[in-house]
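Coordinates in review
One-letter residues, chain by chain:
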Amino acid sequence: MKLWVNGGLMNAEDARVSVFDHGLTVGDGIFETVKAVHGRPFALTRHLDRLTRSARGLGLPEPDHDEVRRACAAVLEANPMELGRLRITYTGGLSPLGSDRGTDGPTLVVALGETARRPDTTAVITVPWVRNERGALAGLKTTSYAENVVALARAAEQGASEALFANTVGQLCEGTGSNVFVVLDGELHTPPVSSGCLAGITRALAVDWAGAKETDLPLDVLDRAEEIFLTSTLRDVQAVLRVDGRDLADAPGPVTAKAMRVFEERAAADQDPK
């Protein structure tokens, strides 16, 4: 396995980032996960645009898209696989201990891991912790992911693959690494970005391609939604068959099944939808 670290390919066993890197010491970093099918990244332009938005939000120098594209291409070429998780990590770089950022410039790491197609259905839980829609990191894809690690571990303990959060005012927000859609009276809805959720790449495509409405929704909408599905880079569109103790019969339902089909067709037709 070969990775890209700060300007070139390295063998995985030789790849090193300083123990004083700000991404390690204080979580001062951002990242993108990109699906790669037969060595071709999906929606890379959208992912790079979001990487830049996240960098601006943290006050990091804007990443050089050409450099990141070269790094992605080199890693994909060096590690051929059918379905991969391409991870772009961009941090504050070598810094003093503490919150102050150093002056050596950012760190860029691109790595690839093999993965498998997700199941068509899954179970989710809700958790008692909330997303802060007014926080400094709201809507940014940062490496400060410990909150998600805790929630996802709770989900695994209960036989689920995802945990869903409300925000501070009790509205449905998002999962640890996914966006959530619900069907009410036959209409498809998803929380708006103002809820504090990440502006997911797959979410945006699903909104456009499946005709979803962005709607403020109370968390208890999960108790009455006719259908629920998740979206993310590696889930694409995935139906929810159980939320907490509630079973959703015949998942995926008709709206979800159509969204799954349309997404698969549109994604296959355009590897880099703008």
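These notes cover the structure that comes with them. (Residues numbered from 1 in each chain as written. Predicted model: local features only at pLDDT ≥ 70, side-chain atom pairs only at ≥ 80, totals over all residues. Heavy atoms only, no water.)

To continue, consider the pattern of salt bridges. Overall, the coordinates contain eleven salt bridges when judged by the stated rule. Here Glu214 makes a salt bridge to Arg203, at a shortest N to O gap of 2.4 Å. One end of the pair, Glu214, is in strand S12 (residues 213–214); the other, Arg203, is in helix H5 (residues 201–210), with eleven residues separating them in the sequence. A relative accessible area of 48% means that Glu214 is categorised as partly exposed. A network of salt bridges, in which partner residues are shared, links Arg117, Arg118 and Asp120. (Salt bridge = Lys/Arg side-chain N within 4 Å of Asp/Glu carboxyl O. Helix = DSSP H or I, 4+ residues; strand = E, 2+ residues; numbered from the N terminus. Buried < 20%, exposed > 50% of the residue type's maximum accessible area, 1.4 Å probe, protein only.)

Another aspect to go through is the layout of surface pockets. Considered as a void within the structure, the largest pocket measures approximately 1,100 Å³ in volume. Around the largest pocket, the lining comprises 48 residues; the ones closest to its centre are Lys141, Tyr145, Asn148, Thr176 and Gly177. For the lining of the largest pocket, the secondary structure elements donating two or more residues are strand S3 (29–37), strand S5 (83–91), strand S7 (121–131), helix H4 (146–157), strand S9 (172–175), H5 and strand S13 (227–232). Taken together, the residues that form the lining of the largest pocket break down as 14 nonpolar, 23 polar and eleven charged. One number sums up the size of the second largest pocket: a volume of about 520 Å³. Along the wall of the second largest pocket there are 21 residues; nearest its centre are Lys35, Val37, Arg117, Asp236 and Glu264. Counting residues per element, the ones that place at least two in the lining of the second largest pocket are S3, strand S14 (236–243) and helix H6 (254–269). Broken down by element, the residue count for the lining of the second largest pocket peaks at six residues, all from H6. Grouping the amino acids of the lining of the second largest pocket by side-chain chemistry returns ten nonpolar, two polar and nine charged. (1 Å grid on protein atoms, 1.4 Å probe; cavity = no way out; pocket = protein on both sides within 12 Å on 5 of 7 lines; lining within 4 Å. Points joined across faces, edges and corners; volume = space filled by probe spheres on them. Nonpolar A, V, L, I, M, F, W, Y, C, P; charged D, E, K, R; others polar.)

This part is about the packing of aromatic side chains. Within this structure, the stated rule accounts for four aromatic pairs. Between the aromatic rings of Phe31 and Tyr145, the centroid separation amounts to 5.2 Å while the plane-to-plane angle is 80°, which identifies the pairing as edge-to-face. With a gap of 114 residues between them, Phe31 in strand S3 and Tyr145 in the loop between S7 and H4 connect regions that are remote in the sequence. Tyr145 gets classed as partly exposed once you look at its relative accessible area, which sits at 28%. Taken together, a centroid distance of 6.2 Å and an interplanar angle of 70° make the contact between Phe42 and Phe263 edge-to-face. (Phe/Tyr/Trp six-rings, centres within 6.5 Å; stacked < 30°, edge-to-face > 60°.)

Strand order in the open sheet formed by six strands is S2-S1-S6-S5-S3-S4, with antiparallel pairing between adjacent strands. Edge positions in the sheet fall to strand S2 (8–11) and strand S4 (40–41), since each has one partner strand and no second. Pairing between S5 and strand S6 (residues 107–114): eight bridges, direction antiparallel. Looking across to S6, one finds that Thr91 is bridged to Thr107. (Pairing = 2+ DSSP bridges.)

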